[in-house]
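Given next are the chains, with one letter for each unit.
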Amino acid sequence: MLNPNLDQIQLNKEEYERFSRHLILPEVGLEGQKRLKAASILCVGTGGLGSPLLLYLAAAGVGRLGIVDADVVDSSNLQRQVIHGTSWVGKPKIESAKHRIHEINPLCQVDLYNTWLSSENALEIAEPYDIVIDGTDNFPTRYLVNDACVLLDKPNVYGSIYRFEGQATVFNYEGGPNYRDLYPEPPPPGLVPSCAEGGVLGILPGIIGIIQATEAIKIILGQGTTLSGRLLLFNSLDMKFRELKLRPNPERPVIEKLVDYQEFCGIPQAQAAEAEQQANMEEMTVQDLKQLLDSDTDDFVLLDVRNPHEYEIARIPGSVLIPLSEIESGEAIPKVKELLNGHRLIAHCKMGGRSAKALGFLQEAGISGTNVTGGITAWSREIDSSIPEY
């Protein structure tokens, strides 16, 4: 797989000049650069991790890059997804990535898959590539990428990020562990917040993505010691790296086929439970809330359950801040009861999810309320555009 017939790989004059700093490295040299040109890598996702690793793999001279993503560029991506630019907002990420890659290295073949990776297409898409790099941000796709790599016997270069911390390793390489050795079972849906909810330092995916790119190049060159069997943990606030040893679990289930990974991670059940909860929960639109606020009535309390730093960014006039964490712990229940004092409760958050969860906890304490669908994001888009959208 990673031992091509190098006699058939030639560099042209432009490539000798372009990759001259590689060619003078004894560990790379002409043979190594030919290996890079012959190599093919599939990147699943072109977001925070995919952006830097694709840029550097192209710059290094990897001959063929495949990109799987069905998303479009959003302005909120630009804080960390450095392969995309302002002019590409609203356009497909894979097209943006290909344009930027060819500005760096027009000799690189770029294959685009404008789709989400699934059990139906994963094996077919990944089969032609030497290495798969996981740049995803959700558990179902991580398990899918892992299992596809196991079935196809391909290295899986893994990375993940959250807030100020990241981790990276190489799975399924030279008898090493795979993702299921690190996480035998997925966490309950909703337990790990997304970047949209928890945030992420924009520089962090650059660091982890570059580590992933480095590991892929080392595998291609056959140089150095990879992270296989080692989980590299990075804390950007402390600027510290730590390592944990990973070993294959002899009792892990044998992967024989791809499964329904949404079902495996409990997503449909969680969505059904959430839908049932919302069906039993009173809701209102931001237009309803605006009408209520304009009526000058004072028989309600508008509760904002976001975090204090979010409240500083944007707030609906007249709202009272009590973070979800304080409601979930029970600490704020007496305060909510005191605030209400017989008044109606209306709750909102950024988009409606956390406020629905807060109302669920309050309902268990005997406090009913109404959820604002779409939260402050809908308020900013539909009622008051002067309220910042974040």
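Summarised in this report is the structure supplied together with it. Owing to the predicted nature of the structure, the values given are computational and were not obtained by experimental measurement. (Residues numbered from 1 in each chain as written. Predicted model: local features only at pLDDT ≥ 70, side-chain atom pairs only at ≥ 80, totals over all residues. Heavy atoms only, no water.)

On to helix α4 (residues 50–60). Of all 11 residues in α4, nine are buried; the element is thus mostly enclosed. Where α4 is concerned, the buried positions are Gly50, Ser51, Pro52, Leu53, Leu54, Leu55, Leu57, Ala58 and Ala60. Gly61 sits one or two positions beyond α4 and adopts a positive phi of about 105 degrees. (Buried < 20%, exposed > 50% of the residue type's maximum accessible area, 1.4 Å probe, protein only. Helix = DSSP H or I, 4+ residues; strand = E, 2+ residues; numbered from the N terminus.)

The subject of this paragraph is the pattern of salt bridges. A full pass over the atoms with the stated rule returns 15 salt bridges. Between Glu14 and Arg18 there is a salt bridge; the shortest N-O distance is 3.2 Å. Here Arg18 and Glu14 lie together in helix α1 (residues 13–18), a separation of four residues that amounts to about one turn. Linking Glu15 and Lys37 is a salt bridge whose minimum nitrogen-to-oxygen distance equals 3.0 Å. Placement of the pair is Glu15 in helix α1 and Lys37 in helix α3 (residues 29–38), with a sequence separation of 22 residues. For Glu15, a relative accessible area of 5% puts it in the buried group. (Salt bridge = Lys/Arg side-chain N within 4 Å of Asp/Glu carboxyl O.)

Here the focus is the pairing of strand β8 (residues 240–245). Little of β8 sits inside the fold, with zero of its six residues counted as buried. Across six bridges, strand β7 (residues 230–235) lies against β8 in antiparallel orientation. Paired with Arg230 across the bridge in β8 is Lys245. Here β7 hands over to β8 after four residues, with Met239 in that stretch at a positive phi of 50 degrees. (Pairing = 2+ DSSP bridges.)

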